Amino acid sequence: MSLLEELDLLNNFNGDPFISSNTEVVDGNDAPLVALKFATIQLLSTLLNPIKIIPTDSGLPRDWRGLAELAGMTAESMNYLEMKSDPLSELLKLLPKSSTRLKTVKDLRAFLAIIDRFDVVDDGESLFESDIIFYKSRVNQISLNSKSPAWLDPEIERDLLTYDDTIAGDKKIRYDAFILYADEDSEFASEVVTKLETEYNLKLCVKDRDLLPGVRFEYEAVGKLIEQRCNRLLVLFSPNFLQSEGNQFLVSFTQALALETRQRKIIPCMYKRCELPMSVRYSFCLDYNRAGKLWNFWEKLSKSLESNSPNTSISTPMAALVKTGTSLPETSSWWDSKQVDQNEDSEPPLSSFDRLSINSHNPLLSSSLPKYSTAKSNTKKWYKKVIGSSKKKKENDKQGKLLTTAD
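Residues numbered from 1 in each chain as written. Predicted model: local features only at pLDDT ≥ 70, side-chain atom pairs only at ≥ 80, totals over all residues. Heavy atoms only, no water.

Colleague: Which parts of the structure should I look at to understand helix H15 (residues 297-305)?
Modeller: Every α-helix carries 3.6 residues per turn, so stepping three or four residues along brings you back to the same face. Phe 297, Trp 298, Leu 301, Ser 302, Ser 304 and Leu 305 are the residues of H15 that are buried. Viewed along the axis of H15, the buried residues span an arc of 160°, placing them on a single side of the element. Here the buried face of H15 lies against strand S1 (175-180), helix H10 (186-198), strand S3 (230-237), strand S4 (266-270) and strand S5 (286-287). The opening residue of H15, the one whose side-chain oxygen lies 3.3 Å from the backbone nitrogen of Trp 298, is Asn 296. (Buried < 20%, exposed > 50% of the residue type's maximum accessible area, 1.4 Å probe, protein only. Helix = DSSP H or I, 4+ residues; strand = E, 2+ residues; numbered from the N terminus. Arc of directions from axis to C-beta. Contact = heavy atoms within 4.5 Å. Polar contact = N/O pair within 3.5 Å; in protein donor to acceptor, adjacent residues only side chain to side chain.)

If you want it as structure tokens, here you go:
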């Protein structure tokens, strides 16, 4: 191709490429160079990396060097490319940042024609077209799904431990129990989970099923679930279970929680015969293999995991008053209205301490407690009267014995 033909081709190519704009996509039938797939780049490397001895009529090399010169690459960049085993591939990586002339597939086609490499244009035409179509389909798909994701609150993220948390939002999901087992016993564990959740309507937390991927420090996350979100820890003991130091650590950790909170936290279940760890050796253990008419393993297991509220129905009138939140003056007046016969057989009025011991959430815990001293004084009077009556009775008995002896 002569120099005049090259200049004519440049003039017909969407304006002068040496002063092209920064817009990556020139028209609907074009795409930026990043749209070229690996197969297309491999074909270009195969055809353009070999050095051509004969240049074009205008003196441009008919290989990758000709593209680099047309793109305006500096001498330092040319020396860098010459040291590479695949200079064409490296050139395509540098072009988006280093050149404003060669930025699109259409630019590449024009420059290949300028260096008399119509063979490359013909061989790569089908690949160029398929790459452009694929690129545009991806751009359209991204534009249709342009809704940006919500900002992640670090405070909320730290509390996301299970899949249920992603659905529940701010509400923290609680579980009846966290089930702990050896990997080799996963089949039996699956049976336990299915039976308890379907037949007994219990909600269990299973690490392999419920724990979110990406949670840092697995044992820390499991420990947090056991401590804050699970009422019990169901442990399926077996020889394989005892081989895991992680499982034994979680058992010891939960036992420490149970001692601290004075709760029945661990539910040990013997799946296969083994020696129980010292931390649970003296706890009552459910034996899966035990047989007997009075022994129903599944019933006992489900009852052990249930978290019913404690029975607060107390039959005494005083307890009923305290349970309903009755204040201390009202309680004292209740005793007065009943006109309790304060003799040896009657019950003393309840003191302030007695009321607090029945219900620790009673409003008597406030700083204004001292002004309510009526019940306390009533109690003292009762004890004085009973003690005085008792002393008087003993003195009468003693005098009676003396009189009898004198007679």
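Colleague: Sorry, what's going on with the pattern of salt bridges here?
Modeller: Pairing of side chains with opposite charge becomes possible as their charged atoms draw close. Counting across every chain of the model gives 14 salt bridges. Arg 209 is the partner of Asp 210 in a salt bridge, and the nearest nitrogen-oxygen pair spans 3.0 Å. Classification of Asp 210 by relative accessible area gives buried; the value is 8%. Put simply, Glu 306 and Lys 303 hold a salt bridge, and the shortest N to O gap is 4.0 Å. Residue Glu 306 is classed as partly exposed on the basis of its relative accessible area, which comes to 26%. A relative accessible area of 52% means that Lys 303 is categorised as exposed. Salt bridges here are not isolated pairs; linked through shared partners, they connect Arg 109, Glu 125 and Glu 129. (Salt bridge = Lys/Arg side-chain N within 4 Å of Asp/Glu carboxyl O.)

Colleague: Is there a simple way to explain the confidence of the model for the protein chain in this structure?
Modeller: Note that predicted coordinates carrying low pLDDT should not be read in detail. In the predicted model, the protein chain carries a mean pLDDT of 74, and the fraction of residues at 70 or more is 64%. Model confidence for the protein chain, summarised as mean pLDDT per element, is weakest for helix H18 (residues 352-358) at 40 and strongest for S1 at 93. When the criterion is pLDDT under 50, residues 6-26 qualifies, and its contacts beyond four places in sequence or with other chains add up to 37 contacts. Note that pLDDT drops below 50 for residues 338-344; the model gives that stretch eleven contacts with residues more than four away or on any other chain. (pLDDT = per-residue confidence, 0-100.)

Colleague: Any chance you could explain the nonpolar core here in plain terms?
Modeller: Among soluble globular proteins, nonpolar side chains are generally buried collectively. Counting residues in hydrophobic clusters, the biggest one holds 32 residues, and the most contacted among them are Leu 67 and Leu 108. Counting only elements with at least two residues in this core, the list comes to helix H2 (38-48), helix H3 (64-70), helix H4 (75-82), helix H5 (87-98), helix H6 (105-114) and helix H7 (118-144). A total of six residues in this core trace back to one element, the largest contributor, which is H6. Here Leu 108 is in contact with Leu 33, Leu 36, Leu 44, Leu 67, Leu 102 and Phe 128, once residues within four sequence places are set aside. (Core = buried A, V, L, I, M, F, W, Y, C linked by side-chain atoms within 4.5 Å.)

Colleague: How should I be thinking about the layout of surface pockets in this particular structure?
Modeller: Over the atoms, a rolling probe the size of a water molecule traces out where space has been left empty. There is about 230 Å³ of room inside the second largest pocket. Secondary-structure elements contributing two or more residues to the lining of the second largest pocket are S1, helix H11 (207-210), helix H12 (218-229) and helix H14 (245-261). Its residues placed into classes, the lining of the second largest pocket shows nine nonpolar, four polar and five charged. (1 Å grid on protein atoms, 1.4 Å probe; cavity = no way out; pocket = protein on both sides within 12 Å on 5 of 7 lines; lining within 4 Å. Points joined across faces, edges and corners; volume = space filled by probe spheres on them. Nonpolar A, V, L, I, M, F, W, Y, C, P; charged D, E, K, R; others polar.)

Colleague: It is not clear to me how H4 should be interpreted in this structure. Could you clarify?
Modeller: When H4 is considered as a whole, its buried residues turn out to be Ser 77, Met 78 and Leu 81. Buried positions in H4, seen along its axis, are confined to an arc of 100° and lie on one side of it. Exposed side chains of H4 directed beyond 90 degrees from the buried face belong to Ala 75 and Glu 76.

Colleague: Got a minute to help me understand the sheet that holds strand S2 (residues 204-206) in this structure?
Modeller: Strand-to-strand pairing in sheets goes through backbone hydrogen bonds, with the strands running parallel or antiparallel. The sheet built from five strands is open, its strands ordered S2-S1-S3-S4-S5 with parallel pairing. Looking at the sheet topology across the chains shown, the edges are occupied by S2 and S5. Pairing analysis gives five bridges linking S1 to S3, with the strands arranged parallel. Within S3, the position partnered with Ala 177 by the bridge is Arg 232. (Pairing = 2+ DSSP bridges.)

Colleague: Sorry if this is basic, but what is going on with the packing of aromatic side chains here?
Modeller: What characterises a pair of aromatic rings is the spacing of the ring centres plus the angle enclosed by the ring planes. Across all of its chains, the model carries eight aromatic pairs by this definition. Here the aromatic rings of Tyr 288 and Trp 298 are separated by 6.3 Å at their centres, their planes lie at 75°, and the arrangement is edge-to-face. Taken together, the residues Tyr 288 in the loop between S5 and H15 and Trp 298 in helix H15 connect sequence positions ten residues apart. Residue Tyr 288 is classed as partly exposed on the basis of its relative accessible area, which comes to 28%. On the basis of relative accessible area, Trp 298 is assigned to the buried category, the value being 14%. An aromatic cluster is defined as three or more aromatic residues linked by ring pairs; in this entry it consists of Phe 188, Tyr 271, Tyr 288, Phe 297 and Trp 298. Lys 195 extends its terminal NZ or CZ atom over the ring of Trp 298, reaching a point 5.4 Å from the ring centre. (Phe/Tyr/Trp six-rings, centres within 6.5 Å; stacked < 30°, edge-to-face > 60°. Lys NZ or Arg CZ within 6 Å of the ring centre and 35° of its normal.)

Colleague: What's the story with unusual backbone geometry in this structure? I'm lost.
Modeller: Excluding glycine, residues mostly have negative phi values, and the peptide bonds linking residues are mostly trans. A positive phi is found at Asn 201, a non-glycine position, where the angle reads about 55°. Tracing the chain through its elements places Asn 201 in the loop between H10 and S2. A relative accessible area of 68% means that Asn 201 is categorised as exposed. Unusually for a residue other than glycine, Arg 262 sits at a positive phi of about 55°. Its place among the elements puts Arg 262 in the loop between H14 and S4.

Colleague: Can you help me understand the state of the cysteines in this one?
Modeller: Where two cysteines share a covalent bond between their sulfur atoms, that bond is called a disulfide. Counting across every chain of the model gives zero disulfides. For the unlinked cysteine Cys 269, the closest cysteine sulfur is that of Cys 285, found at 6.4 Å. Take Cys 269: its relative accessible area is 1%, and that puts it in the buried class. Here Cys 285 falls in the buried class, since its relative accessible area comes to 19%. (Disulfide = S-S within 2.5 Å.)

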